[in-house]
Amino acid sequence: MLSSQPRADTHKEQRSLAWKLHIDVPLLLGLLVLMGLAQVVLYSASGQDIAMVEKQVARLGLALAFMFGLAQVPPRVLKFWTLPLYVVGVLLLIAVFLVGDVALGAQRWLEIGGFRFQPSELMKQALPMMVAWYLSEHQLPPKFKHLAVAFGILALPILLIAEQPDLGTAVLALSSGLLVILLAGMSWKLIAGLAAAIGGFLPILWNFLMHDYQRRRVLTMLDPEADPVGAGYQIIQSKIAIGSGGIYGKGWLHGTQAQLEFIPEHHTDFIFAVLGEEFGLSGVLILIAVYLFIIARGLYIATQAQDSYSRLLAGAITLTFFVYVFVNIGMVSGILPVVGVPLPLVSYGGTSLVTLLAGFGMLMSIKTHRKLVSA
Amino acid sequence: MPPQAATIKDHIRESNIFFARSVLALVLVVVLLSILLARMYWLQVTEHDRFKTLAENNRITLIPIAPARGLIYDRKGVVLAENRSMFVLEVVPEQVKDLKATVAELRQLIAISDNDWEHFQANRLRSRSFQAQVLRSNLSDTEVAAFSVNRHRFPGVSVQPRLIRHYPHGEAFAHALGYVGRINEKELAEIDPGNYKATQYIGKLGIEKFYEKELHGTVGYEEVETDVHGRVLRTLRRVPPVAGKDLHLHLDAGLQQAAEQALGEQRGAVIALDPQTGGILALVSKPGYDPNLFVTGIPSTIYKALRASPEQPLFNRALRGTYPPGSTIKPMLALLGLKEGVVTPSTVVYDPGFFQLPKSSHKYRDWRKGGHGAVSLEFSLMQSCDIYYYTLAHKLGIDRISPHFEHLGFGRLNGLDNGDEMAGILPSRAWKRAKRREAWYPGDTVNIGIGQGFWSVTSLQLAQATARLANRGTAYQPRMVKALAQSGVPEALPPVPDGEPLAIAPEHWGPVMEAMRKTSMHERGTAYKAFKGAPYTHAGKTGTAQRFSVKQNAKYDEKNVAAKLRDNAMYIGFAPFEKPEIVVAVAAENAGHGGSSAAPVARAVMDFYLNQGKMTLPAPGMEEDVGEEEVGGEER
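Residues numbered from 1 in each chain as written. Chains lettered and ligands numbered in written order. Predicted model: local features only at pLDDT ≥ 70, side-chain atom pairs only at ≥ 80, totals over all residues. Heavy atoms only, no water.

Caption draft 1: Representation of the overall build of chain B in the model. Counting its secondary structure elements, chain B contains 22 helices and 23 strands. Within chain B, contacts between residues at least 6 apart in sequence are counted, and of these 73% link residues at least 24 apart. Summed over its atoms, the accessible surface of chain B is roughly 28,300 Å², and 54% of this surface lies on carbon and sulfur atoms. (Helix = DSSP H or I, 4+ residues; strand = E, 2+ residues; numbered from the N terminus. Contact = heavy atoms within 4.5 Å. Areas by Shrake-Rupley, 256 points an atom, 1.4 Å probe, with all protein chains shown as cover.)

Caption draft 2: Layout of the packing of aromatic side chains. Residues and elements named next belong to chain B. Counted by the stated rule, this structure contains 23 aromatic pairs over all chains. A ring pair is formed by Phe355 and Tyr364, whose centres lie 6.2 Å apart and whose planes are at 55°; its orientation type is tilted. Of the two residues, Phe355 and Tyr364, both sit in the buried class. An aromatic cluster of at least three residues, connected via ring pairs, comprises Tyr179, Tyr289, Phe294 and Tyr303. Against the face of Phe577 rests Arg517, its NZ or CZ located 6.0 Å from the ring centre. (Phe/Tyr/Trp six-rings, centres within 6.5 Å; stacked < 30°, edge-to-face > 60°. Buried < 20%, exposed > 50% of the residue type's maximum accessible area, 1.4 Å probe, protein only. Lys NZ or Arg CZ within 6 Å of the ring centre and 35° of its normal.)

Caption draft 3: Spotlight on the interface of chain B and chain A. Tallying the contact residues gives 39 residues for chain B and 54 residues for chain A. Between chain B and chain A lies a buried interface of about 4,000 Å² when both sides are counted; carbon and sulfur atoms form 72% of it. Three residues stand out in chain B for area buried against chain A, namely Phe18, Arg21 and Gln44 of chain B, and they jointly supply 19% of the buried area on that side. At the boundary of chain B and chain A, one finds 1 salt bridge. In this structure, Arg311 of chain A engages Glu14 of chain B in a salt bridge whose closest nitrogen and oxygen atoms are separated by 3.8 Å. Where chain B packs against chain A, one counts 11 residue pairs in polar contact (both at pLDDT 80 or more). Broken down by element, the side of chain B that touches chain A gets its largest block of residues, 26 residues, from helix H1 (residues 4-46) of chain B. Counted by class, the side of chain B that touches chain A contains 22 nonpolar, 8 polar and 9 charged residues. (Buried area = accessible area lost by both parts, 1.4 Å probe. Salt bridge = Lys/Arg side-chain N within 4 Å of Asp/Glu carboxyl O. Polar contact = N/O pair within 3.5 Å; in protein donor to acceptor, adjacent residues only side chain to side chain. Nonpolar A, V, L, I, M, F, W, Y, C, P; charged D, E, K, R; others polar.)

Caption draft 4: Looking closely at the packing of helix H13 (residues 330-340) of chain B against helix H15 (residues 386-396) of chain B. All names here are of chain B. For the pair H13 and H15, the least separation of the axes is 10 Å and the interaxial angle reads 45°. By the criterion of interaxial angle, the relationship of H13 to H15 is oblique. In this structure, H13 crosses over H15, and the sense of that crossing is left-handed. Residues Lys330, Leu333, Ala334, Leu336, Gly337 and Glu340 of H13 lie in contact with H15, whose contacting residues are Asp386, Tyr389, Leu392, Ala393 and Leu396. Counted by class, the contact of H13 with H15 contains 7 nonpolar, 1 polar and 3 charged residues. (Axes fitted to C-alpha atoms, helices over the stretch in contact; angles between N-to-C directions. Parallel < 35°, antiparallel > 145°, perpendicular 65-115°, else oblique. Left-handed = near helix turned anticlockwise from the far one by under 90°.)

Caption draft 5: Focus on the sheet that holds strand S1 (residues 60-65) of chain B. All names here are of chain B. Strands sit in the order S1-S8-S9 across an open sheet of 3 strands; the sheet is antiparallel. Across the chains shown, the open sheet's two edge strands, defined by having one partner strand only, are S1 and strand S9 (232-239). With strand direction ignored, the average angle separating the axes of adjacent strands in the sheet is 30°. With respect to the sheet, helix H2 (residues 48-59) is in contact with S1, strand S8 (220-226) and S9, its orientation differing from that of S1 by roughly 35°. (Pairing = 2+ DSSP bridges.)

Caption draft 6: Spatial organisation of the pattern of salt bridges. All names here are of chain B. As enumerated under the stated definition, the model contains 37 salt bridges over all chains in all. Glu208 is the salt-bridge partner of Arg165, the closest N and O atoms lying 2.8 Å from each other. Of the two residues, Arg165 sits in strand S5 (residues 157-166) while Glu208 sits in helix H8 (residues 206-210), which places them 43 residues apart along the sequence. Of the residues examined, Arg165 reaches a relative accessible area of 4% and is grouped as buried. Since its relative accessible area comes to 0%, Glu208 is described here as buried. One salt bridge connects Glu222 with Arg238, and the closest N-O pair in it is separated by 3.6 Å. Remark: Arg238 occurs in strand S9 and Glu222 occurs in strand S8; sequence separation between them is 16 residues.

Okay, here's the thing in structure tokens:
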């Protein structure tokens, strides 16, 4: 598979080693910097619990190993397994719908052989892969009938996830699929029509499809002060934390909102508030710069990919990652509703880590399994 | 497969579309990230000050600190009321899931009575659930240790050190000092809630209540950092509380105990005061009770027993016990007679053993069957001749008698800084019309002459009137507190005159005072036996107040009268005669004769006070004596 022919490259040795290991060095560096920063913030957010940081680092190690493993799999193999993965994902979602565990008022978990996991997490990656696979099987830009099928592919699992109910995951999965369609070259007329249709659908969604707690979250987002001890509490405390950080922050381990536990879920979904409080606007700038670098590198890898499937998949993975970032920071800073999305690669927790790094593993695979056109 | 050229062309086209869309996506990403940064700028720069203040308010809590209650000392610095640190078991109701189960478990370690539980429930229901409530007070060392080992089993329950009021002398000073107790709802409405934020106890009775404002002090604050659960992490600033003022009383602890011992098991009251200042030297009411019981909440069984006791231990006899004054008022009536010119020192009244109003067959008897014969003013006081005073009162008339005795302090509050006194009854024409809806009859005045009839006085009033006699006209309002001390610096309270001096000419004072001196210092005086051998000069007057009406021509037989209806023994006196330092009033309930039962108590009190540190005196004779004064019998 690998070409043995030499390429004009100034970093020949490094490149060839990274090439052999199927690693994209800039992307890996970006991820490692982000993860390093994350552990610093997590130590403070956990109430200086080094055991918690150690546990998260162990999970990172496992997730990175999984990433490296996936990077070894060539895109064509990924493409081959896409349809089965999607079908299994949908079946599992149906299984959850029928027999899943209820936790925190939502049915998300499935237990297989003593191992609990959320099929919706699997679907977050399987869905863009499936849409990319289907669209890349036909001439691009996609024709209307192919688009209709693509939307059908999207709709089935999204509705199952939304029914659990898990609005956050549904939105993220939907956006990852939509991103594939947009990147594939859906015409602007259709995009405008779709946007209008969504605009018309929103009242229906609000009135008939959304659960009470989801409506409350949106209302709370629009006016958190209206319910300061109830639903608005999280957002108010999080805004106080970020705002009180100022330009330079209160200093590591010195955020009163964080250390005194006024910030809710301060080591998971709201960890960005801890960063904002302790490191201020300067810390926020650094974090966003690192994210931007990773996203830019991902898009670069996507444009360099050699077939439609790889391109669409790489672009979708990268932009989904961005959606995560935007939704989380938007939620913590009070401009988006609280939808329970972790800050990618920073929040404490293992599930989203594996999902995300699986995506980056596929990116690296796409980057390092190119056929050399110049040969 | 289409031809390769077409495929390549398609690939290029697809690639170009993708590239354009990717660039667009990147632009969108940058725009959206810029929106986030703009939001961050607004939060962290534009609105920074507002959020900074909010964060500070979040973490800082003010915790009130109770001021230490002022201590109470006697005139020599003996502590009468102190603050003792003890351990209490506190529960924060909010933090306990199942209160009943927790208490049941706690009971295996610490004795919690039903009464403790009721108190706790009552307090809990009127407080906010995050406020700690005391479940048990005064834990023993063993109980503290037992809890400490098991504390992990009881979230929301803790053992806390507390300052609790303690009365080291217990019963002896209960009626003199009063006591503190938990703040109840009615009191809560009257106090400044800010200043009492950390205070659990408030003066309920007596001096503790009267001087509550001075004793309490000013609340302090601790500015602490708390986490979201309200746990205190560290102290940022401390505004110390200002302790309450200490009270230095006129009271003499030794004298108080001497007076208590002198009364023994006798129900009654003793008041000793310094006529030069009005300062109360001793205030005894027997029987007493242990005021410490009330501080942390008295068990209802004990309280009911105290309330139900026929001895009435909770009743402050010295300030609220009202008795007919009996013969003790005779010197005061004699003074009025001299002043008004109704009698002179040489006037002689013939005592045949009874007195009759003109045109009436009703006989007012003398205590001595057969009478005293010809009686002068001096002799009338020494022997407490009733006929002399029936006659004098009749001649004076109630309209001259009432104002005179009101000036002396009867029928009104004397202004003791204790807040617990009663006014008693000083009969007058107006009083009888208002209260009895009856006219005043001449016979009513006759009874007033020997301190009987409708008349009732407190021991305090007797002492106050006696102080005015001892000072020959002037008197000061009776006072418990001599000085208030803020952090050890005493501020003396000056004596306050009790109205105008009594306008009596010196030549009228002389005979009455001399007669009072002879009452206890001359061998024919009714108090002579009690004061025999006292190493100081003294003067006084006995009284035996009737509680039981003897039928016409019948004899009062002490043995045949129920204990509760026996005569009250009264005594007033002062010493030394030339320059009085102490005035004593004694009321001994159902004790019989003033000379034999009340005067010896006064003797013991005076002995102690005037000979402190000099020597111990032989106990005064207490035996019954023939020729002892008896109550004047009103015949019906």
